[in-house]
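Working through the structure, step by step
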Amino acid sequence: MKIVLVQIVLIAAVVAVAARLFRSRGERSQAVRRIGLLLFAAFAVVTILFPRTWTALANSLGVGRGADLVLYALVVAFLSSTVTTYLRFRDMETRYTRLARRIALDEAGAPPPGAGTGAADVAGPRT
């Protein structure tokens, strides 16, 4: 097995990206995402070291070339990433809308929706 310079550069890039994502905090540091990232990085390294694997897999699946199979896999990965990003942004938009409504109600002095009729509610709005 002869390792070419481009393989070393690609492996270094995969490791650098994986290391960068591990340093992030918040939701990105969840265990499931880390395991998925490790699996993807390992898969990328194996693919870089053994590029003929894609051709053999493509031939067994009835696809002409390994490059075509890689393209198909990347299209699926891109679509799943797009859907995930869309859902995440939609959730954030809903949160921001609720937050903006809450701030507007608090600044207006009106009781929040669903609040009971306590003594403060009877006294009227704050000035």
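Right above here is the structure, for reference.
Report on the accompanying structure. (Residues numbered from 1 in each chain as written. Predicted model: local features only at pLDDT ≥ 70, side-chain atom pairs only at ≥ 80, totals over all residues. Heavy atoms only, no water.)

**Side note on the pattern of salt bridges**
A complete count under the given rule lists 2 salt bridges for this structure. Here R65 makes a salt bridge to D68, at a shortest N to O gap of 3.0 Å. With a relative accessible area of 22%, D68 lands in the partly exposed category. Between R95 and D91 there is a salt bridge whose closest N-O contact spans 3.8 Å. Residue R95 and its partner D91 are both found in helix α4 (residues 66-108); the two are separated by 4 residues, about one turn of the helix. Owing to a relative accessible area of 39%, D91 belongs among the partly exposed residues under this scheme. (Salt bridge = Lys/Arg side-chain N within 4 Å of Asp/Glu carboxyl O. Buried < 20%, exposed > 50% of the residue type's maximum accessible area, 1.4 Å probe, protein only. Helix = DSSP H or I, 4+ residues; strand = E, 2+ residues; numbered from the N terminus.)

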